[in-house]
Protein chains: 2
Amino acid sequence: MDLHTNHTIHAHQSHHSWDNAIPPVLTVAPGESVEFAVQDASAGQLTARSGVADVTALDFAQINPVCGPIRIDGAKPGDALKVSVLAFAPSGWGWTACIPGFGLLADQFPEPALHIWSYDTTTAKPAAYGPGGRVPLKPFCGTIGVAPAEPGVHSIVPPRRVGGNMDIRDLAAGTELYLPIEVAGALFSVGDSHAAQGDGEICGTAIESPMSVALRFELIRDAQLPSPRFTTPGPVARHLDGKGYEVTTGIGPDLMSAARDAVRHMIDLISTRHAMTAMDAYLLCSVCGDLRISEIVDAPNWVVSFYFPRIVLD
Amino acid sequence: MDLHTNHTIHAHQSHHSWDNAIPPVLTVAPGESVEFAVQDASAGQLTARSGVADVTALDFAQINPVCGPIRIDGAKPGDALKVSVLAFAPSGWGWTACIPGFGLLADQFPEPALHIWSYDTTTAKPAAYGPGGRVPLKPFCGTIGVAPAEPGVHSIVPPRRVGGNMDIRDLAAGTELYLPIEVAGALFSVGDSHAAQGDGEICGTAIESPMSVALRFELIRDAQLPSPRFTTPGPVARHLDGKGYEVTTGIGPDLMSAARDAVRHMIDLISTRHAMTAMDAYLLCSVCGDLRISEIVDAPNWVVSFYFPRIVLD
């Protein structure tokens, strides 16, 4: 699909780690736009015909490829890179997996699992989940960032001050993202496209879905941004909040434990009420449920809540 | 105001700690409703005419009174108490304070501060903030819970498995809350009414505002609920999401540090852009901005985001 940009970066123009020594595949002028043909997070190892055995066989050296890097002409350390998220052209299929050792409840879900999604690219119709439910879609890129100043090879998995695998589900079309630039030329890359995800990405994967994304780049001189920030042009949850939420809580002195408790309680609620396996509920929660910090000041106990949109299962 | 309930609990019928030995002020049958005349969290020590010196003079022994306890006839340990939040009758005034030693950024805001709010009780009009901005209102009770099984006096400040000071801003009218019952009769109490608050209650106070609240009680037998949960009848953020959000992030291996970073970055953004003191931005963020966990699986770094609704300052 032609997203009407100034340049196109193809899927093979990608890399698998952050390293400011990787040569740029393209230089753009501020104000220009680029279409990126983003692969899914498995780099094509999983397809619409994959089964759970393919999850076990994943080669992690290939995981989470990012298109780029793009050099932004004139970008200097201390500037901010403004990335306008223009449009997505989704592929119509995706996958959600439980990958052993990965995910918020990895200890409780040691076995692999895989769900293959099919969705309509021409309408905004929610995607049907085989075990039950319909998930509203909102495409975004999970990994979006620039090269860190520190030399050497840095894992693609964790996000950093310069962005990367932030998995922020509201970086949807219309959003303006600002990234702190640490090296000359910025060296921007993007990947890990998702058709939908809840806040937290609790099982470790979203609706992982290859798609093209169009972005425009501008420079904010000497912004000295401490961390990524973004502006959304409007509401972020109206595609799924129409029927309200079921909400579970985790309460205690550790935010991570409280988050795990809140999610466990939702998995128990959904799997019992809708006759779904715990694994199916876990994957479903990851693609549409949100982790929020309800209270972080009433020492010594905090409240983390997990919001599951009722429209998905009602 | 008459909220058309079966019973009324007045402001003086209150207590200041959780203790299952406190005798109930009323016994109700399942299905009955009660109106509670909830005091503000200072128990009247702060008024619409208070100044910052009154914050310094606060007697903490009087803080956070809760109306009750109410005995629910026939309630047994293991049952759940279903609390239907029927209606609020707000008072039209409130306060937000920075109380030294209290709040997510207590180390960075050691001085006291106080803002007095006035709002219209007959319309849904946002409340004007003196330093700038208009905050949409959504009343709820910060403290709502039942007595713990463990004997003795327990502080009113932290929430627990049985609820309490959860400060969950979406426990608004129409919500159904389920609380785990640990003692015969449940022994329900409620207080800490807020006219508005963001997820996190980051400065430690909301728009603290006395108001009457009407609740209805039912029992779910042998629910064996692990932690409070609730159901919202519809969207939870449409009163403030119309113009989207400004969002800042905190990225790192500790959720608490990431939350602090995200909030600090928002305070810097707002105070710079709107020529507001950092303290004013801190109080404003507490009453309308939301802490969310965007990503909690990409080890070793998590992303906590702070969402500030643009409608407040645009």
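Nothing here was measured: the structure is a model prediction, and the numbers come from that model. (Residues numbered from 1 in each chain as written. Chains lettered and ligands numbered in written order. Predicted model: local features only at pLDDT ≥ 70, side-chain atom pairs only at ≥ 80, totals over all residues. Heavy atoms only, no water.)

1. Observations concerning the overall build of chain A
Quick reminder of the rule: Comment: elements are numbered from the N terminus, with helices defined as DSSP H or I runs of at least four residues and strands as E runs of at least two. Here the globule rule is a power law, 2.2 Å times the number of residues to the power 0.38, and the radius of gyration is based on C-alpha atoms. Any pair of residues with heavy atoms lying within 4.5 Å of one another is described as a contacting pair. Under the convention used here, a 1.4 Å probe and the Shrake-Rupley method define accessible areas, while residue burial counts only the protein chains that appear. For the purpose of counting charges, residues Lys and Arg are taken to be positive, whereas Asp and Glu are taken to be negative. His and the chain ends are not included. Think of each charge as sitting on NZ of Lys, CZ of Arg, CG of Asp or CD of Glu.
Counting its regular elements, chain A contains 3 helices and 21 strands. Since a compact globule built from 314 residues should have a radius of gyration of about 20 Å, the 19 Å found for chain A is in line with a globular shape. Judged by the C-alpha coordinates and their principal axes, chain A covers about 55 × 50 × 35 Å. Taking contacts inside chain A between residues at least 6 apart in sequence as the whole, the part at least 24 apart equals 79%. Accessible surface for chain A amounts to roughly 10300 Å². Of this, 53% is attributable to carbon and sulfur atoms. Counting 20 positive and 33 negative side-chain charges, chain A places the centres of these two groups 6 Å from one another.

2. Observations concerning the packing of aromatic side chains
In plain terms, the rule: When two rings of Phe, Tyr or Trp (its six-membered ring) have centres within 6.5 Å they constitute a pair, described as stacked for plane angles under 30 degrees, edge-to-face for angles over 60, and tilted for the intermediate range. Categorising residues by exposure relies on relative accessible area from a 1.4 Å probe, with only protein chains included: less than 20% of the type maximum marks a residue as buried, more than 50% marks it as exposed, and the intermediate range marks it as partly exposed. Only lysine NZ and arginine CZ atoms are considered, and such an atom sits over a ring when it is within 6 Å of the ring centre and within 35 degrees of the ring normal.
One pass over the structure, following the stated rule, counts 14 aromatic pairs over all chains. Taken together, a centroid distance of 6.3 Å and an interplanar angle of 80 degrees make the contact between Phe36 of chain B and Phe217 of chain B edge-to-face. Placement of the pair is Phe36 of chain B in strand S5 (residues 33-38) and Phe217 of chain B in strand S17 (residues 211-220), with a sequence separation of 181 residues. Residue Phe36 of chain B is classed as buried on the basis of its relative accessible area of 0%. Looking at Phe217 of chain B, the relative accessible area reads 0%, which means it is buried. Where Tyr245 of chain B meets Tyr307 of chain B, the ring centres are 5.4 Å apart and the plane angle is 70 degrees; that geometry is what we call edge-to-face. Residue Tyr245 of chain B is found in strand S19 (residues 245-252), and its partner Tyr307 of chain B is found in strand S21 (residues 302-309); the two are separated by 62 residues along the sequence. Per residue, the accessibility class of Tyr245 of chain B equals that of Tyr307 of chain B, and both read buried. Taken together, Phe36, Phe188 and Phe217 of chain A form an aromatic cluster joined through their ring pairs. The side chain of Arg229 of chain A reaches across the aromatic face of Tyr178 of chain A, ending 4.2 Å from its centre.

3. Things to note about the packing of helix H2 (residues 255-273) of chain A against helix H3 (residues 278-288) of chain A
Residue and element names in this part refer to chain A. Our working rule: Fitted lines through C-alpha atoms serve as axes, helices being fitted only where they are in contact, and the angles separating the N-to-C directions of these axes extend from 0 to 180 degrees. Note that the term roughly parallel is reserved for angles under 35 degrees, roughly antiparallel for angles over 145, roughly perpendicular for angles of 65 to 115, and oblique for everything else. Handedness of each helix crossing follows the sense of rotation of the near helix against the far helix: counterclockwise by less than a right angle gives left-handed, clockwise gives right-handed.
Viewed as axis vectors pointing N to C, H2 and H3 meet at an angle of 120 degrees, and their least axial separation amounts to 9 Å. The angle between the axes of H2 and H3 places the two elements in the oblique class. The hand of the H2/H3 crossing is right-handed. Between H2 and H3, the residues in contact are Met266, Ile267, Ile270 and Ser271 and Ala278, Ala281, Tyr282 and Cys285, respectively.

4. Here we look at helix H3 (residues 278-288) of chain B
Residue and element names in this part refer to chain B. Most of H3 is tucked away: 9 of the 11 residues are buried. Among the residues of H3, Met279, Ala281, Tyr282, Leu283, Leu284, Cys285, Ser286, Val287 and Cys288 are the ones counted as buried. Along its buried surface, H3 packs onto strand S8 (93-98), strand S9 (113-118), strand S11 (134-135), helix H2 (255-273), strand S20 (290-295) and S21.

5. Quick look at the nonpolar core
For clarity, the threshold we go by: The criterion is simple. A nonpolar core is a set of buried Ala, Val, Leu, Ile, Met, Phe, Trp, Tyr and Cys residues joined through side-chain atoms within 4.5 Å.
One finds Phe36, Leu81 and Phe188 of chain A together with Phe36, Leu81 and Phe188 of chain B to be the most contacted residues of the largest nonpolar core, which totals 172 residues. Discounting chain neighbours no more than four positions away, the residues touching Leu81 of chain A are Ile72, Val146, Leu177, Tyr178, Leu179, Ile181, Ala186, Phe188, Phe217, Glu218 and Leu219 of chain A.

6. Some thoughts on the relation of the copies chain A and chain B
Heads up, the condition is: Superposition of the copies was done by least squares, using only C-alpha atoms of residues whose pLDDT is at least 70 in both.
Laying chain A over chain B is done by rotating through 180 degrees and shifting 0.0 Å along the axis; what remains is an RMSD of 0.0 Å. The superposition of one copy onto the other is thereby described by a two-fold rotation axis. Closest approach to the rotation axis within chain A is made by the C-alpha atom of Arg292 of chain A, at a distance of 2.2 Å.

7. Some remarks on the pattern of salt bridges
Residues and elements named next belong to chain A. Note the following rule: Here a salt bridge means any side-chain nitrogen of Lys or Arg lying within 4 Å of a carboxyl oxygen belonging to Asp or Glu.
Going through the model one piece at a time under the given rule, you end up with 34 salt bridges over all chains. Between Glu182 and Arg161 there is a salt bridge; the shortest N-O distance is 2.9 Å. A residue pair is termed long-range when its members are at least 10 positions apart, and Glu182 in the loop between strand S15 (176-180) and strand S16 (188-194) and Arg161 in the loop between strand S13 (154-155) and strand S14 (163-165) qualify at 21 residues. With a relative accessible area of 22%, Glu182 lands in the partly exposed category.

8. Side note on the pairing of S19 of chain B
All names here are of chain B. The cut-off we apply is this: For two strands to be treated as a pair, DSSP must find no fewer than two bridges joining them.
With 8 of 8 residues buried, S19 lies mostly within the body of the structure. Residues of S19 alternate between two faces, with Tyr245, Val247, Thr249 and Ile251 on one and Glu246, Thr248, Gly250 and Gly252 on the opposite face, all of them buried. Two elements, S19 and S21, share 8 bridges in a ladder whose sense is antiparallel. Bridge pairing in S21 links Thr249 to Ser305.

9. Looking at the environment of Pro90 of chain A
Residues and elements named next belong to chain A. Mapped onto the elements of the fold, Pro90 is located in strand S7 (residues 80-90). In the structure, Pro90 is positioned 29 residues away from Tyr119 in sequence and 9.2 Å away in space, judged by C-alpha atoms. The contact partners of Pro90, leaving out residues within four places of it in the chain, are Tyr119, Thr121, Pro139, Pro210 and Met211.

10. As for the interface of chain A and chain B
Defined as follows: Polar contact criterion, stated in full: a pair of N or O atoms within 3.5 Å, where within protein one must be able to donate a hydrogen and the other to accept it, and residues adjacent in sequence count only if both atoms are side-chain atoms. Note on residue classes: Ala, Val, Leu, Ile, Met, Phe, Trp, Tyr, Cys and Pro are nonpolar, Asp, Glu, Lys and Arg are charged, and everything else, Gly too, is polar.
Between chain A and chain B, the residue contacts involve 65 residues of the former and 65 residues of the latter. Summed over the shared surface of chain A and chain B, the number is 6 salt bridges. The partner of Asp199 of chain B in a salt bridge is Arg292 of chain A, and the shortest N-O contact between them spans 3.5 Å. The interface formed by chain A and chain B contains 30 residue pairs in polar contact (both at pLDDT 80 or more). Of all the secondary-structure elements, those providing two or more residues to the side of chain A that touches chain B are strand S18 (229-231), strand S19 (245-252), H2, strand S20 (290-295) and strand S21 (302-309) of chain A. The element best represented in the side of chain A that touches chain B is S19 of chain A, accounting for 7 residues. Here the side of chain A that touches chain B is composed, by residue class, of 31 nonpolar, 18 polar and 16 charged. Sheet topology note: the S20 of chain A/S20 of chain B ladder contains 3 bridges and is antiparallel. Its bridge partner lying in S20 of chain B, Ile293 of chain A is registered against Leu291 of chain B.

11. Structural notes on the domain arrangement of chain A
All names here are of chain A. Condition: For each domain, the first and last residues come from an automatic or database assignment. When two components associate, each loses some accessible surface as probed by a 1.4 Å sphere; the sum of these losses over both components is called the buried area.
In terms of domains, chain A is made up of domain 1 (7-231) and domain 2 (241-312). Computed over C-alpha atoms only, the centres of domain 1 and domain 2 are separated by 25 Å. If you look at the interface, domain 1 gives 35 residues, while domain 2 gives 23 residues. Buried surface at the junction of domain 1 and domain 2, both sides included, amounts to about 2200 Å², of which 66% is carbon and sulfur. The three residues of domain 1 that bury the most area against domain 2 are Leu104, Phe109 and Ile202, which together make up 26% of that side's buried surface. Where domain 1 touches domain 2, the interface holds 2 salt bridges. A salt bridge links Asp290 to Arg169, with the shortest nitrogen-to-oxygen separation between them at 2.8 Å. Counting only elements with at least two residues in the side of domain 1 that touches domain 2, the list comes to strand S8 (93-98), strand S9 (113-118) and strand S11 (134-135).

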